[in-house]
Amino acid sequence: FDVVSDPKNPFIVYTGETKVRVTGTSFHISARNFNEQVDVEVTSGKVLFYNSDTFTDDAFRVGLNAGDKGSYYPKLNRLNKSQISTP
């Protein structure tokens with residue numbers, strides 16, 4: 001995705017049990033089997049990656065900047081942050 005900044009109207013992507021909130025950035029979501037793993041890689045800007053598609057007391061999030069990768073594992077309810085590996 002390549003999203004133009006609009007803080008009053010954030011772009012939200014729902015993927016399985018996760019949600020990505022964007023206000024202006026370029027990023028890639030990989031969720032072929034979102035029951036196993038959902039990955040978000042940010043190439044520019046910032047996103048918030050949530051482990052839930054709703055905001056509850058049990059939901060948590062991680063902020064991702066350019067060069068970051070977030071991975072969510074639904075079976076473990078685990079959200080990791082790492083750097084994008086370059087070939």
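The structure under discussion appears in the preceding block.
These numbers come from a predicted model, not from an experiment. (Residues numbered from 1 in each chain as written. Predicted model: local features only at pLDDT ≥ 70, side-chain atom pairs only at ≥ 80, totals over all residues. Heavy atoms only, no water.)

For this particular structure, what's the right way to read the packing of aromatic side chains?
Any two aromatic rings considered together are summarised by their centre-to-centre distance and by the angle between their planes. Applying the stated criterion across every chain, the model contains zero aromatic pairs. It is Lys19 that lies over the ring of Tyr50; its NZ or CZ is 5.6 Å from the centre. (Phe/Tyr/Trp six-rings, centres within 6.5 Å; stacked < 30°, edge-to-face > 60°. Lys NZ or Arg CZ within 6 Å of the ring centre and 35° of its normal.)

When you look at the nonpolar core in this model, what are you seeing that I'm missing?
Grouped together as the largest cluster of nonpolar side chains are 15 residues, with contacts concentrated most on Val20, Phe27, Ile29, Val40, Val47, Phe49 and Leu64. Of all the elements in the fold, those that place two or more residues in this core are β3 (18–30), β4 (38–50) and β5 (61–65). The element best represented in this core is β4, accounting for five residues. Apart from the residues lying within four places of it in its own chain, the contact partners of Val40 are Val20, Phe27, His28, Ile29, Val47, Phe49, Leu64, Asp68, Lys69 and Gly70. (Core = buried A, V, L, I, M, F, W, Y, C linked by side-chain atoms within 4.5 Å. Buried < 20%, exposed > 50% of the residue type's maximum accessible area, 1.4 Å probe, protein only. Helix = DSSP H or I, 4+ residues; strand = E, 2+ residues; numbered from the N terminus. Contact = heavy atoms within 4.5 Å.)

Sorry if this is basic, but what is going on with the pairing of β5 here?
If a strand is regular, its side chains alternate between the two faces of the sheet. The side-chain alternation of β5 yields one buried face, formed by Val62 and Leu64, and one unburied face, formed by Arg61, Gly63 and Asn65. Relative to β5, β4 runs antiparallel, the two sharing five bridges. By the bridge assignment for β5, Val47 is matched with Leu64. (Pairing = 2+ DSSP bridges.)

Can you walk me through the pattern of salt bridges in this structure?
Once the charged atoms of two side chains with opposite charge are near each other, the side chains can pair. All chains considered together, the criterion is met by two salt bridges. In this structure, the salt-bridge partner of Lys75 is Glu36, at a minimum N-O distance of 2.9 Å. Here Lys75 is found in the loop between β6 (68–73) and β7 (78–83), whereas its partner Glu36 is found in the loop between β3 and β4, with 39 residues between them in sequence. The partly exposed category is assigned to Glu36, whose relative accessible area is 40%. (Salt bridge = Lys/Arg side-chain N within 4 Å of Asp/Glu carboxyl O.)

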